[in-house]
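What the coordinates show
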Amino acid sequence: MKKIIIIILSISILWLLWCSKSSKIQIWDIVTFSYTGTLENWEIFENWNKTITIWSLETIKAIEEALINKKINQNFKLNVDPEKWYWNKYSIYNQQRISAFVFERLWLPIETGSIVTLDKTTGKIINHETDEQWNTFIVFDINPPQTRQKTKYEIHIDNIEKPQQAWEWYVL
């Protein structure tokens, strides 16, 4: 009877060890991956190798979500909507109200949707507003372009490290 209990306990311990060291990415795993990010027009805006801890808010929310349950050396493509980009990095506080007079004096386009560079800052004109004195203002969005449109990523998982479990420190 003692032998059966020892065998069952040994199998249980081995099974627990095997499950904790699964080759799929899980929350809190440390993952090294390479990726290329492109805008809707296929212009590359990022090409990186990164090491992150899953769910530590270190990178694009959609990428962290997509990495879960993937395996080492796996390649995959991912389309990301603007609202899933960098944990809501898009901010209405990065929208500036600038007098239309400035745009007109600099011979810059003022059409909604135009991409404009103003004093080394590139942004998109998203709206026109008029105040109570009939002054016209341009709402100039200076968020990064990838926060304003869908982006595409090609991702390759290079390495997965499992965090050390507390019970691994205990030596019999």
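Presented here is an overview of the structure given in this document. (Residues numbered from 1 in each chain as written. Predicted model: local features only at pLDDT ≥ 70, side-chain atom pairs only at ≥ 80, totals over all residues. Heavy atoms only, no water.)

Section: the packing of aromatic side chains
The geometry of an aromatic ring pair is captured by two quantities: the separation of the ring centres and the angle between the planes. Where we set the bar: Each Phe, Tyr or Trp ring, with Trp reduced to its six-membered ring, pairs with another whose centre is within 6.5 Å; inter-plane angles below 30 degrees give stacked pairs, above 60 give edge-to-face pairs, and intermediate values give tilted ones. The helix count covers DSSP runs of H or I at least four residues long, the strand count covers runs of E at least two residues long, and both are numbered beginning at the N terminus. Burial classes follow relative accessibility: with a 1.4 Å probe on protein chains only, a residue under 20% of its type's maximum area counts as buried, one over 50% as exposed, and anything between as partly exposed.
Counting across every chain of the model gives 4 aromatic pairs. A ring pair is formed by Phe 103 and Phe 140, whose centres lie 5.9 Å apart and whose planes are at 70°; its orientation type is edge-to-face. With Phe 103 in helix 3 (residues 100-105) and Phe 140 in strand 7 (residues 136-141), this residue pair connects regions lying 37 residues apart in the sequence. For Phe 103, a relative accessible area of 0% gives the class buried.

A closer look at unusual backbone geometry
Within the chain, Trp 42 stands out as a residue other than glycine whose phi angle is a positive 70°. Mapping Trp 42 onto the fold places it in the loop between strand 1 (30-38) and strand 2 (44-53). Overall, the relative accessible area of 57% leaves Trp 42 in the exposed class. The phi angle at Asp 119 is positive, at roughly 55°, despite the residue not being glycine. Structurally, Asp 119 can be placed in the loop between strand 5 (115-118) and strand 6 (121-130). Its relative accessible area of 68% is what places Asp 119 among the exposed residues.

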